[in-house]
Amino acid sequence: MAPSGSNNEQSGQTGIMSLRWWIVGIGIVWLLNAWLPELISPYFFQIIVLAGINVILSVSLNLVNGFTGQFSMGHAGFMSVGGYLSAFITTSLVASHPELMNDPVAGVVIFAISLIMGGIAATAVGYIVGLPSLRLRGDYLAIVTLGFGEIIRVIFLNTNAVGGARGLSGITKFTTFGAVYTAALITVFCIWRVVHSAHGRILVSIREDEIASTAMGVNTTEGKVRAFAMGAFFAGVAGGLFAHYLTTLNPGTFDFNRSFEVIIMVVLGGMGSISGSVVAAIMLTVLKEALRPLQQLTGVDLRMVIYSLVLIIMMLARPKGIFGTSEICDLFREKLSRRGKHPDGGSA
Amino acid sequence: MNTFALRVQNLSIVFGGLKAVTDLDLEIPKGSIFGLIGPNGAGKTTIFNMLTGVYTPTSGTIIHGQSGTSLGGLKPYEITRTGIARTFQNIRLFKNLTVLDNLLVAMDQNPTQKKFGLIPTLLRSKSLMTAEDAKKNDALNILKIFKLDGRAKEISSALPYGDQRRLEIARAIATGARTLLLDEPAAGMNAHETSSLMDTIRDIRATFNATVLLIEHDMKLVMGICERIAVLDYGVKIAEGIPSDIQKNPRVIEAYLGKAATSEHVKK
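Read on for an overview of the structure. Because the structure is predicted, anything quoted here is derived from the model rather than measured. All residue numbers here refer to positions counted from 1 along the written sequence of the relevant chain. Chain letters start at A and ligand numbers start at 1, both assigned in the order the entries are written. In keeping with the predicted nature of the model, local features appear solely for residues at pLDDT of at least 70, side-chain atom pairs appear and are counted solely at 80 or more, and the whole-chain, interface and lining totals rest on all residues. To get the side-chain values, all heavy atoms of the structure are used, and hydrogens and water are removed first.

This part covers the overall build of chain B. Scanning chain B for helices and strands turns up eleven helices and ten strands. The C-alpha radius of gyration of chain B comes to 20 Å, within 12% of the 18 Å expected for a compact globule of 268 residues. Its C-alpha atoms give chain B principal-axis dimensions of about 85 × 40 × 35 Å. For chain B, the share of sequence-separated contacts (at least 6 apart) that also reach a separation of at least 24 residues comes to 67%. Note that accessible areas follow from Shrake-Rupley with a 1.4 Å probe, and for residues the cover is restricted to the protein chains shown. With the model as given, the accessible surface of chain B reaches about 12100 Å², and the carbon-plus-sulfur share is 53%. Counting 33 positive and 26 negative side-chain charges, chain B places the averaged centre of each group 3 Å from the other. Here a helix means four or more residues in a row that DSSP labels H or I, a strand means two or more in a row labelled E, and each is numbered from the N terminus. As a reference, a globule follows 2.2 Å times the number of residues to the power 0.38, and the radius of gyration itself is taken over C-alpha atoms. Residues are treated as being in contact if the distance between any of their heavy atoms lies within 4.5 Å. In this count, Lys and Arg are taken as positive residues and Asp and Glu as negative ones, while His and the chain termini are left out. One atom stands in for each charge, and that atom is NZ of Lys, CZ of Arg, CG of Asp or CD of Glu.

What follows covers the pairing of strand β3 (residues 33-37) of chain B. Residue and element names in this part refer to chain B. Think of it in three bands: residues with accessible area under 20% of the maximum for their type are buried, residues over 50% are exposed, and the middle band is partly exposed, with areas taken using a 1.4 Å probe on protein chains only. Counting buried residues along β3, five of its five residues qualify, which places the element largely inside the surrounding structure. Both faces of β3 are covered, namely the face carrying Ile33, Gly35 and Ile37 and the face carrying Phe34 and Leu36. Two strands make a pair as long as DSSP finds a minimum of two bridges between them. One ladder, built from four bridges, connects β3 with strand β8 (residues 211-215); its direction is parallel. Its bridge partner lying in β8, Leu36 is registered against Ile215. The pairing of β3 with strand β9 (residues 228-233) spans four bridges and is classified as parallel.

Okay, a nonpolar patch on the surface next. Residues and elements named next belong to chain A. Judged by side-chain polarity, Val105, Val109, Ile113, Ile116, Met117 and Ile120 come together as a nonpolar surface patch covering roughly 530 Å² of accessible area. Tracing the backbone shows Val109 in helix α4 (residues 104-133). Overall, the relative accessible area of 43% leaves Val109 in the partly exposed class. For patches, a residue must show more than 30% relative accessible area and have no salt bridge; joins then use 9 Å for like charges and 5 Å for nonpolar side chains, namely Val, Leu, Ile, Met, Phe, Trp and Tyr. Any Lys or Arg side-chain nitrogen found within 4 Å of a carboxyl oxygen on Asp or Glu counts as a salt bridge.

Now for the pattern of salt bridges. Taken as a whole and judged by the stated rule, the model has 22 salt bridges over all chains. Ionic pairing is found between Glu150(A) and Arg153(A), a salt bridge with its closest N-O pair at 3.0 Å. Note that Glu150(A) and Arg153(A) are positioned in helix α5 (residues 138-157) at a spacing of three residues, about one turn of the helix. Assessed through its relative accessible area of 23%, Glu150(A) is described here as partly exposed. Measuring nitrogen to oxygen at the nearest pair gives 2.9 Å for the salt bridge that ties Arg92(B) to Asp209(A). One end of the pair, Arg92(B), is in the loop between β6 (84-86) and α3 (99-108); the other, Asp209(A), is in the loop between α7 (198-208) and α8 (210-215), on a second chain. Since its relative accessible area comes to 10%, Asp209(A) is described here as buried.

Looking now at the interface of chain B and chain A. Each partner contributes to the interface: chain B provides 33 residues, whereas chain A provides 34 residues. Buried area, as used here, totals the accessible surface that two parts lose on assembly, with accessibility defined by a 1.4 Å probe and the loss added over both. On the chain B side of the interface with chain A, the three residues burying the most area are Phe94(B), Leu122(B) and Arg124(B), jointly 22% of the side's total. The interface formed by chain B and chain A contains three salt bridges. A salt bridge links Glu132(B) to Arg201(A); the shortest N-O distance between them is 3.0 Å. Polar contact is the term for a pair of N or O atoms within 3.5 Å; when the atoms are in protein, one must be able to donate a hydrogen and the other to accept it, and sequence-neighboring residues count only if both atoms are side-chain atoms. On inspection of chain B and its partner chain A, the count reaches ten residue pairs in polar contact (both at pLDDT 80 or more). Breaking the side of chain B that touches chain A down by element, the ones donating at least two residues are α2 (76-82), α3, α4 (118-123), α5 (126-145) and α6 (161-174) of chain B. Per-element tally for the side of chain B that touches chain A: the top contributor is α3(B), with five residues.

Polar contacts involving the side chain of Asp209(A) include one to the main-chain amide nitrogen of Ala212(A), which spans 3.2 Å. Asp209(A) has contacts with Arg92(B), Leu93(B) and Phe94(B), leaving out every residue within four places of it along the chain.

So, on to the nonpolar core. In this description, a nonpolar core means a group of buried Ala, Val, Leu, Ile, Met, Phe, Trp, Tyr and Cys residues linked to one another through side-chain atoms lying within 4.5 Å. Judged by nonpolar contacts, the single largest core of 143 residues is most densely connected at Leu241(A) and Leu214(B). The residues touching Leu214(B), leaving out its near neighbours within four places in the chain, are Ile33(B), Phe34(B), Gly35(B), Leu36(B), Phe48(B), Leu182(B), Ile201(B), Leu221(B), Ile225(B) and Cys226(B).

A word on the packing of helix α2 (residues 42-67) of chain A against α7(A). Residue and element names in this part refer to chain A. In contact at an axis separation of 9 Å, α2 and α7 are set at 45° when each is read in the N-to-C sense. With respect to their mutual orientation, α2 and α7 come out oblique. On the side of α2, the interface is formed by Leu63, Gly66 and Phe67, while α7 contributes Leu203, Val204 and Arg207. Residue composition of the contact of α2 with α7, by class: four nonpolar, one polar and one charged. With axes taken as lines fitted to C-alpha atoms, and helix axes fitted only over the stretch in contact, angles between N-to-C directions fall between 0 and 180 degrees. Each angle receives one of four descriptions, namely roughly parallel if under 35 degrees, roughly antiparallel if over 145, roughly perpendicular if within 65 to 115, and oblique otherwise. Any residue that is not Ala, Val, Leu, Ile, Met, Phe, Trp, Tyr, Cys, Pro, Asp, Glu, Lys or Arg is counted as polar, Gly included; the first ten are nonpolar and the last four charged.

For the rest of this paragraph, the subject is the pairing of strand β2 (residues 18-29) of chain B. Residue and element names in this part refer to chain B. Here eight bridges tie strand β1 (residues 4-15) to β2, and the two strands are oriented antiparallel to one another. When the bridges of β2 are listed, Leu6 appears paired with Ile28. Linking β1 to β2, which pair antiparallel, is a turn of two residues; within it Gly16 sits at a positive phi near 60°.

Phi is positive for Thr247(A), close to 65°, though the residue is something other than glycine. Its location among the elements puts Thr247(A) in the loop between α9 (220-246) and α10 (256-269). Positive phi is not limited to glycine here, since Arg124(B) has a value of about 50°. Within the fold, Arg124(B) resides in the loop between α4 and α5.

To continue, consider the sheet that holds β1(B). Residues and elements named next belong to chain B. The four strands are arranged β2-β1-β4-β5 in an open sheet whose pairing can be described as antiparallel. The open sheet has two edge strands with one neighbour each: β2 and β5 (69-70). Two strands pair when backbone bridges link them, and strand β4 (residues 59-64) and β5 are joined in this way by two bridges, in the antiparallel orientation. Bridging from a neighbouring strand, Ile63 pairs with Ser70 of β5.

Attention now moves to the sheet that holds β9(B). All names here are of chain B. Strand order in the open sheet made by the six strands is β6-β7-β8-β3-β9-β10, with mixed pairing throughout. Of all strands in the sheet, those bounded by a partner on one side alone are β6 and β10 (236-241). Sheet twist, expressed as the mean angle between neighbouring strand axes with direction ignored, is 20°. Of the strands in this sheet, β3, β9 and β10 touch helix α10 (residues 250-257), which is tilted by about 130° from β10.

Here you go:
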């Protein structure tokens, strides 16, 4: 029997989920940050950066879609809010104080603050959208969030302050490998800890049975809105990283296809599996690029066709996604314990 | 302190043109085991849904003895936090969660539990971890009373039927509620499971000082453990009293079995 998404071991400050290891991880990221761009080609570097951004997006969406069971289709909307706001902050600051560009420390500080501001703006939008719409269930919520994503896109399309349809260009390229993977590690860490806490139990109980959850005294609306707002925060941060990597923003980048891409990652990885989302995000980002030569060869954009095929095959073979609701470490543990129970394995 | 756990006055609910419950008066004495019976469609579950805030009554008041306040206008989760918890006719466990997690969800909402914000959750502060450990211990103690402690780590949907029913009651207790509304707790149970359920209900009343209001069709259970019984038919209370009186009450017999044929009918 597969273990549940919440509360397997990981009780204390020990093990892989202890704060210590994550600080070490961030340290390693910054060590790599200095060398990596020289070691590999810019093309591969871009794939790695985009994979990191996708990890943030898919893990944060999993909090809403996987753990809380609320099917949101507006993740690109939150991403664009964060992206546009943080890009707007840095571009206007750089325009008014060009000398800041020469100071790397000031640049990093400004960038970090703009990312957090972008995240907070996305959270605020998530809260405003979530409060009325999270009373809806299933398909209805999906439609509302899909509509919200489109509304945000059209608003940006018609706002001249951020370039309207021309897009926002001339954004300073602040995003580095270190920045993306630090954010990704923080995202995974935060969402992991929230999911494996009393707050996470509330979310999972809403997914499992909302009526029973209410009957146990859970304020389900509040729980859903919180998950939604937290997911939106990290989507906003991812949007900021994305904007400062591409250096131009176009409302078209954040259409519903972008939301779907993230949903696909979540579903493929397993709704309610953080490690699944990480693996699927990396896998699909790489797959999309790996299929590029095929496009050049045939002259037809087969990428989405193959993409869909992968999904269909996946859904047939593993309907609950790569990891289902369990984590990668659970699977290893299960395998180990099974081996422990049948040391000889001679019966087979 | 009030002597009743729940007092219902003039409670009515109308769905469209259908009067599901009409002018119901009930007083559930504190610490009692109270049975609510009646034929199918009599409005028993509707009453539960009004008591727990799922339905808003068309008229009437519900007063909670523990706090002395009216439950009118409260949302279901707020009512649970005042100390009234329920189980469901068709079991509603958190199926993919472990037995322990099912209980912990309820315990998190227990008003006596300390709540932690986002920062201590992310940092796993010492006080949070101590509180979590204490919570787990309390949950295991409740499971022990329900003889489910050996199955704490199992996925709840894998439990045998009777255990699932018991877990649902345990979960209701874990919310901190001491007024329990049990909706057909013995439904689908065999005779052995039912008699063990009767012991469990008596046990929790004694251990937790709880008041139990239950809907049940199993007359052996109802007559065996209820101190008082109210009988409902077409949304109207037709009788209330101790079990032996209820068994003899002609209106109750009529509601269940129909009117007895008179001698004239037989002749024809």
